[in-house]
Amino acid sequence: MRPNFAECGALYTSSNNTFVQYIYNGTVPGVFSNSRRPKLITYEGCKALCGSGSEYYAWKDAAATITTWVLPIIGLLVQAPFESNAFRRTVFALARWIGSPMATLSYTLWNIKITSKCAMMVDMATQYDDFPEQDSHFGQIRDSFYILSVMNQYSIKEKMPAVEAEKLLRIALFSDTLRLSHAEDGILPDNSTPSLMLSSSKLVLKRQALAQSLRENRKKGVVPVFVSLMWFLFSLSISIQASFGEIGSNQTAHDLALGLLLGWLPIMILVTIVDRNPTAIEAIRRKLNNLVDETRSALLDPELRNSYMTDTRRTVRDFDWTECLRDEDFFYGDFFTHFSGQGRVRWHYGVAHSILAGIESKFMAAEGRNWLSDPDMALTNMVDGPGDGHFAGLRSIDLRMIWQLLSSILIVVGTAFGAFILSYFTPTVGLGCRSGGYLIYVLLTLINLLVEMFVWWFSREGQVRSWVRRQSAGGVLTKVASRARISVSRHESDTWTGSIMSRVRNGFHALYEMSGKDKAALLILRPLDIIASIWLAYIVAAQTFGSYQNCDCMSSTWGLHGGYMDFETYDFYRAHGVAYYWAAGTGLSTGIMGVAFVFVVIEYTTQSHLSTEDYADAMKGLKRTRQFKKQTAWLRDVPDYIIDFFVRMWSKASGSNPKYTRDHQAGRYSQGGRRGLLWTWSTKRQRGRGTDDGILEGIPLHRQDSPQASRQGYLTRSARSPSTSKDTELEPYTSPISHEGEYPPELPTQPVEALEEGRYRGSYRYL
């Protein structure tokens, strides 16, 4: 028989000495700790008087929870960036998003940082009040950076040589002199305008067409996402009003806690409007591969490569690395293998960061705003790569990603902790089914994240000792798969079971051939995703239909406190201050949600000029972005002020010089030797340049005598100090793993003065 806690409570409280053996006399934390407490019943008394089953909610109460929370949650989930005609991948993606929100958010926030960096570089390319025409170098680099941001959502072949792949992408994205066919006429008259120069390159035209196609195929549907978000927030507001309007009403309070527990879900859905996927994922992948493949074919064509070397004043030695492009196992066919955006694929880092970091450290961080004032040298720098020749490779990892990782943990743990506070301090105070269930879900997602990071770290080549890799999950799983495959092969026969055993053997063989990371993902991480998703679904269903309405859950027996329950009403709880605990939990969760919403909206609006189809509208958006960033620059300076304060305090204690200085002309704080581009609204003062005549290194021949180059007056080889034997003697080229590594945090950046005298010296050797 199902219990009736209303009748049971009335019977217990109305009796005087009948149930004296069930009176609870232990310590009581929370709202009853410092005041006259009501008549409490022990857990054993509850089981004896009320029964051991669950008192499920009436349909009208369950329907209220469904309309208040379940339907808005479903409305948010259907706005997730699912793939069309891919049921299996959709199911696993949904399990990953729900079962591992910390990892999903960290990858998505990282990709937002990459697109934000691309948008800022385009913004900083010209002066604050300068908005060039579409047929200009500005329009060209806008297309290039947008293509790079889309490429960042796709994975490349696992064992592709990272350094050579980075060099190939740099040429495909930024070169405007490489000819893709023998019919191109790359030499123009000296008085040619920039638009004519750009239109002469088939590679530039191909990028323009590709960028326009990417913008047209960018998934829309932003309005439905915001509508679903408003529905969720409206439900949250109703739940808050209902809970605080009836302080102590357990059902409304726990319904609010359910909404706070899922506070990370609208954030995860909202960030996907910034990290947006294309509508035709496979079609876009083929177009990106076509761009890279045509560039590769041109570099392997002797005549086209020689023409490119002549135009850019390079040597045969500078193109030794292109021999690696002949390896069909890596570079032939699909350069990009599959779509991996929105955190749907584990360990996806993207191809953009090493390219952007190399550009910043090479010249852009020092140049600041209007870095495209000299387009020829800017494009040359972007193609050449890092000034010190240290190519990190497409798989380089920047430890600054820790900020995205910590932010994702804060979002999930913070919103869930608000729900935990509310359920924990709602009488009966203590760790029970609801608060304990929230804790279990957070621990499952955190364990999932830690295992994923552990597998990633111990599977990185060259980062750990080989014996450590052998003891990692991949080595253990490989042994298990090998033994299982051998065992199945021994029992295979010609009977009807032979076909089944053959399939099983093939499955174990496929498992054996997988990498350690893939084995861990299949056998450890994916089951964790599914378990956490099922557990969260159980929490929602149990709260909706009242499965927690039993003596075990209402007595909060999971922790040190608990083991009793009360039968008081919300008026009693209001008088004893339960509202303070509820306000603390609600404020924590809603505060984190509010900050995250503001961040996503700002990122969406300030990056939209990069993906807007109509160029005129894009320039209007860029103008508004610059105005907004200028008006809010003081807010972004706050962290710099804080960092500057601690750096100066540390400098005084250690006796060193502070690295942070105020850049009065730029109007922002800057760090000496910084390798990151800092947004400013002012252009740095133009310094004097030489006016020597001669061959300009890195500048295409058909622009050597252009008026623009003459006005700039670049220093030539003869104007510099004579080259030494160290400059001319080159180390033998090693392929395909040469220079692979990561950008160390202390990677040096040339000061501005050094850039003026030797900005491009020797960098062309590492094209």
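Residues numbered from 1 in each chain as written. Predicted model: local features only at pLDDT ≥ 70, side-chain atom pairs only at ≥ 80, totals over all residues. Heavy atoms only, no water.

Caption draft 1: Region of interest: the overall build of the chain. Counting its secondary structure elements, the chain contains 31 helices and six strands. Within the chain, buried positions represent 54% of all 767 residues. Counting only contacts in the chain whose residues sit at least 6 apart along the sequence, the fraction spanning at least 24 positions is 81%. Carbon and sulfur atoms make up 58% of the accessible area of the chain, which totals about 34400 Å². (Helix = DSSP H or I, 4+ residues; strand = E, 2+ residues; numbered from the N terminus. Buried < 20%, exposed > 50% of the residue type's maximum accessible area, 1.4 Å probe, protein only. Contact = heavy atoms within 4.5 Å. Areas by Shrake-Rupley, 256 points an atom, 1.4 Å probe, with all protein chains shown as cover.)

Caption draft 2: Region of the structure containing the state of the cysteines. One pass over the structure, following the stated rule, counts three disulfides. At a sulfur-sulfur separation of 1.9 Å, the disulfide partner of Cys8 is Cys50. Taking the sign of the S-S torsion, about -75° here, the bridge from Cys8 to Cys50 comes out left-handed. With Cys8 in helix α1 (residues 5–14) and Cys50 in helix α2 (residues 43–50), the pair connects residues that are 42 residues apart, well separated along the chain. Here the two residues Cys8 and Cys50 agree in accessibility, since each one is buried. (Disulfide = S-S within 2.5 Å.)

Caption draft 3: Region of interest: a nonpolar patch on the surface. Together, Trp634, Leu635, Val638, Ile642, Phe645, Phe646 and Met649 make up an exposed nonpolar region whose accessible area comes to about 770 Å². Considering the arrangement of structural elements, one finds Leu635 in helix α28 (residues 633–654). (Patch = residues over 30% accessible without salt bridge, like charges linked within 9 Å, V, L, I, M, F, W, Y side chains within 5 Å. Salt bridge = Lys/Arg side-chain N within 4 Å of Asp/Glu carboxyl O.)

Caption draft 4: Fine view of the pattern of salt bridges. Across all of its chains, the model carries 18 salt bridges by this definition. Measuring nitrogen to oxygen at the nearest pair gives 2.6 Å for the salt bridge that ties Asp123 to Arg626. Pair noted here: Asp123 is in helix α5 (residues 101–123) and Arg626 is in helix α27 (residues 615–631), with a separation of 503 residues, a long-range link. As far as burial versus exposure is concerned, Asp123 and Arg626 are alike and both buried. Arg285 is the partner of Glu282 in a salt bridge, and the nearest nitrogen-oxygen pair spans 2.9 Å.

Caption draft 5: Structural context of the packing of aromatic side chains. Tallying each qualifying case throughout the model produces 19 aromatic pairs. Look at Tyr308 and Phe319: their rings are 5.7 Å apart centre to centre, the planes differ by 75°, and that puts the pair in the edge-to-face class. Of this pair, Tyr308 sits in helix α14 (residues 302–312) while Phe319 sits in the loop between α14 and α15 (328–331), placing them 11 residues apart in sequence. Judged on exposure class, the residue Tyr308 and its partner Phe319 are both buried. One aromatic cluster in this structure is built from Phe417, Phe420, Tyr424, Phe425 and Tyr581. Positioned over the ring face of Phe92 is Arg526, at 3.9 Å from the centre of the ring. A cation over a ring is seen here: Lys630 above Tyr128, with NZ or CZ 5.1 Å from the ring centre. (Phe/Tyr/Trp six-rings, centres within 6.5 Å; stacked < 30°, edge-to-face > 60°. Lys NZ or Arg CZ within 6 Å of the ring centre and 35° of its normal.)

Caption draft 6: Spatial organisation of helix α9 (residues 202–216). The terminal C-alpha atoms of α9, which comprises 15 residues, lie 21 Å apart, in line with the 21 Å expected from a rise of 1.5 Å per residue. Along α9, the residues classified as buried are Leu203, Val204, Arg207, Leu210, Ala211, Ser213, Leu214 and Arg215. (Expected span 1.5 Å × (residues − 1).)

Caption draft 7: Here's a closer look at the environment of Ala95. If you trace the backbone, Ala95 turns up in helix α4 (residues 87–99). In this structure Ala95 comes out as buried when scored by relative accessible area, which is 13%. Distance in space between the C-alpha atoms of Ala95 and Leu528 is 9.3 Å, their sequence separation being 433 residues. Beyond its immediate stretch of four places on either side in the chain, Ala95 contacts Ser100, Asp529, Ile530 and Ser533.

Caption draft 8: How the structure looks around unusual backbone geometry. The linkage connecting Pro427 with the following residue, Thr428, adopts the cis geometry, with an omega of 5°. Following the sequence through the fold, Thr428 ends up in the loop between α18 (402–424) and α19 (433–457). Non-glycine residue Gln342 carries a positive phi angle of around 60°. Summarising the element assignment, Gln342 is placed in the loop between β3 (336–339) and α16 (352–367). Under the relative-accessibility criterion, Gln342 is labelled buried at 2%.

Caption draft 9: Region of interest: the nonpolar core. Counting residues in each nonpolar core, the largest one holds 145 residues, and the members touching the most others are Phe145, Met151, Leu288, Phe335, Phe336 and Trp371. The leading source of residues in this core is α5, at 13 residues. In this view, Trp371 contacts Met121, Met124, Ala125, Ile141, Phe145, Phe363, Met364, Ala378 and Met382; residues no more than four positions away in its chain are not counted. Membership of the second largest hydrophobic core comes to 13 residues, among which are Tyr12, Ile41, Tyr43 and Phe567. (Core = buried A, V, L, I, M, F, W, Y, C linked by side-chain atoms within 4.5 Å.)

Caption draft 10: Representation of the environment of Met619 within the structure. Structurally, the position occupied by Met619 is in helix α27. Discounting chain neighbours no more than four positions away, the residues touching Met619 are Phe131, Pro132, Phe138 and Arg142.

Caption draft 11: Examining the packing of α18 against α19 more closely. The geometry of α18 relative to α19 is characterised by a closest axis approach of 8 Å and an angle of 165° between their N-to-C directions. Classified by the interaxial angle, the pair formed by α18 and α19 is roughly antiparallel. Considering how the two elements wind past one another, α18 and α19 form a crossing that is left-handed. For the pair formed by α18 and α19, the contact residues are Leu405, Ile409, Val413, Ala416, Ala419, Phe420, Ser423 and Tyr424 on the first element and Arg434, Ser435, Tyr438, Val442, Leu449 and Met453 on the second. (Axes fitted to C-alpha atoms, helices over the stretch in contact; angles between N-to-C directions. Parallel < 35°, antiparallel > 145°, perpendicular 65-115°, else oblique. Left-handed = near helix turned anticlockwise from the far one by under 90°.)

Caption draft 12: Summary view of the environment of Met593. Residue placement: Met593 occurs in helix α26 (residues 578–611). For Met593, a relative accessible area of 2% corresponds to the buried category. Sequence separation between Met593 and Leu260 is 333 residues; the distance between their C-alpha atoms is 9.4 Å. Once you skip the residues sitting within four places of it in the chain, Met593 turns out to touch Phe232, Leu233, Leu236, Gly263, Pro266, Ile267 and Thr415.

Caption draft 13: Geometry of the packing of α5 against α18. Where α5 contacts α18, the axes come no closer than 8 Å and their chain directions differ by 135°. One element, α5, and the other, α18, form an angle in the oblique class. By crossing handedness, the relation of α5 to α18 is classed as right-handed. Along its contact with α5, which presents Pro101, Met102, Leu105, Ser106, Leu109, Trp110 and Lys113, the element α18 presents Gln404, Leu405, Ser407, Ser408, Ile409, Ile411, Val412 and Val413. Residues of the contact of α5 with α18, tallied by class, amount to 10 nonpolar, four polar and one charged. (Nonpolar A, V, L, I, M, F, W, Y, C, P; charged D, E, K, R; others polar.)

Caption draft 14: Quick look at the side chain of Glu603. Tracing the sequence through the fold places Glu603 in helix α26. If we skip the residues at most four places from it in the chain, Glu603 touches Ile112 and Ser116.

Caption draft 15: Geometry of the confidence of the model for the chain. Per-residue pLDDT for the chain has a mean of 77; in total, 73% of the residues score no lower than 70. Counted against residues more than four places away or in other chains, residues 186–199, with its pLDDT under 50, gives 23 contacts. Note that residues 687–767 has pLDDT below 50 and, in this model, 163 contacts with residues that lie over four places away or in other chains. (pLDDT = per-residue confidence, 0-100.)

Caption draft 16: Region of interest: helix α23 (residues 516–545). Along its 30 residues, α23 runs 43 Å from first to last C-alpha, staying within 8% of the 44 Å computed at 1.5 Å per residue. Leu522 marks where α23 bends most, by close to 35°. (Bend = angle between axes of the 7 residues up to and from the residue.)

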